[in-house]
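# Report on the structure
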Amino acid sequence: MSSLRDGKKLVRSPSGLRMVPENEAFYSPFSLDEPQWVPDKECPRCMQCDAKFDFIIRKHHCRRCGRCFCDKCCSKKVPLPRMCFVDPVRQCAECGLISQKEMEFYDKQLKVLMNGATFLVSWESSEKSEKTVCRLSNNHRSLFLDGENHYEVEFSRISSVQILTDGFTPGGGNSRATGMLILYGTAGKEEQQQLKLTATDDYNGNRKLSVTWLSAMHKVNVWLNALGLIYKQVASKLET
């Protein structure tokens with residue numbers, strides 16, 4: 001089953017080469033679909049600076065929003081992992097800024113989550129805690145919890161994440177993350193379930209990895225919320 005989930009294929013689109021899952025059911029929940037390009041006949045001028053296109057001023061489509069720009073307004077090639085592009089692709093200034101912010105998310109936070117960490121895990125319905133390695137699946141669709149048993153929580157079904165802390169440290173420092181409460185739904189059930197992760201030492205006696213993992217999980221939620229605001233700001237600016 002894991003090989004089916006992680007299977008990839010190389011496809012060519014007008015925007016460039018993409019490495020995508022063989023089965024559409026296993027696309028990352030963070031992925032974006034390629035936009036429809038604005039037809040050439042509908043954009044005689046650059047949609048940023050209003051320069052008129054001709055034999056010298058050529059038009060280019062932003063690979064992220066699909067709008068038409070001149071080379072000056074759409075010259076940068078920026079990585080776009082959310083669309084699974086193999087190489088950096090041409091993007092307008094607004095979209096390039098968003099993609100650059102996303103690169104930190106992919107390069108740092110998702111890698112931490114995929115590497116996993118050790119926790120004491122308990123469910124709301126049980127007082128028993130189980131030492132478990134928790135990690136994000138390679139396709140970003142599920143949290144895998146491996147201890148005495150194997151459990152999976154679909155990332156798209158997580159409704160809330162709450163960081164648990166030990167309060168303020170001596171000297172007025174920041175509080176330290178000690179655990180996390182995850183509220184999520186399951187197929188066929190109306191009631192939400194609660195999962196509690198408590199940071200603990202791994203098998204090498206190191207607790208730092210679990211604290212770092214909790215921080216990354218928190219930043220994922222902050223990033224998703226912030227991204228929604230950025231999209232609204234960009235959309236509003238483009239419409240004016």
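Figured I'd write up the structure that's included with this text.

Cut-offs used in this document
Residues numbered from 1 in each chain as written. Predicted model: local features only at pLDDT ≥ 70, side-chain atom pairs only at ≥ 80, totals over all residues. Heavy atoms only, no water. Disulfide = S-S within 2.5 Å. Helix = DSSP H or I, 4+ residues; strand = E, 2+ residues; numbered from the N terminus. Buried < 20%, exposed > 50% of the residue type's maximum accessible area, 1.4 Å probe, protein only. Salt bridge = Lys/Arg side-chain N within 4 Å of Asp/Glu carboxyl O. 1 Å grid on protein atoms, 1.4 Å probe; cavity = no way out; pocket = protein on both sides within 12 Å on 5 of 7 lines; lining within 4 Å. Points joined across faces, edges and corners; volume = space filled by probe spheres on them.

We now examine the state of the cysteines. Disulfides are covalent bonds that connect the sulfur atoms of two cysteines. Going through the model one piece at a time under the given rule, you end up with 1 disulfide. Here Cys-43 is linked by a disulfide to Cys-68, with a sulfur-sulfur distance of 2.3 Å. Of this pair, Cys-43 sits in the loop between β2 (16–21) and β3 (59–61) while Cys-68 sits in strand β4 (residues 68–70), and the two are 25 residues apart along the sequence. Relative accessible area serves as the criterion here: at 0%, Cys-68 is assigned to the buried category. Among the cysteines around Cys-73, which has no disulfide bond, Cys-70 carries the closest sulfur, lying 3.7 Å off.

The next point concerns the pattern of salt bridges. Taken as a whole and judged by the stated rule, the model has 6 salt bridges. Among the salt bridges present, the one from Glu-34 reaches Arg-18, with a minimum N-O distance of 3.3 Å. Of the two residues, Glu-34 sits in the loop between β2 and β3 while Arg-18 sits in strand β2, which places them 16 residues apart along the sequence. The shortest N-O distance in the salt bridge between Glu-154 and Arg-157 comes to 3.5 Å. Take Arg-157: its relative accessible area is 33%, and that puts it in the partly exposed class. Connected through salt bridges with shared partners, the residues Arg-64, Arg-82 and Glu-102 form a single ionic network.

A separate point is the layout of surface pockets. As a volume, the largest pocket reaches approximately 400 Å³. Lys-8, Pro-81, Cys-84, Tyr-106 and His-140 are the residues nearest the centre of the largest pocket, which is lined by 21 residues in total. Secondary-structure elements contributing two or more residues to the lining of the largest pocket are β2 and α2 (93–115). No other element matches the 6 residues that α2 contributes to the lining of the largest pocket.

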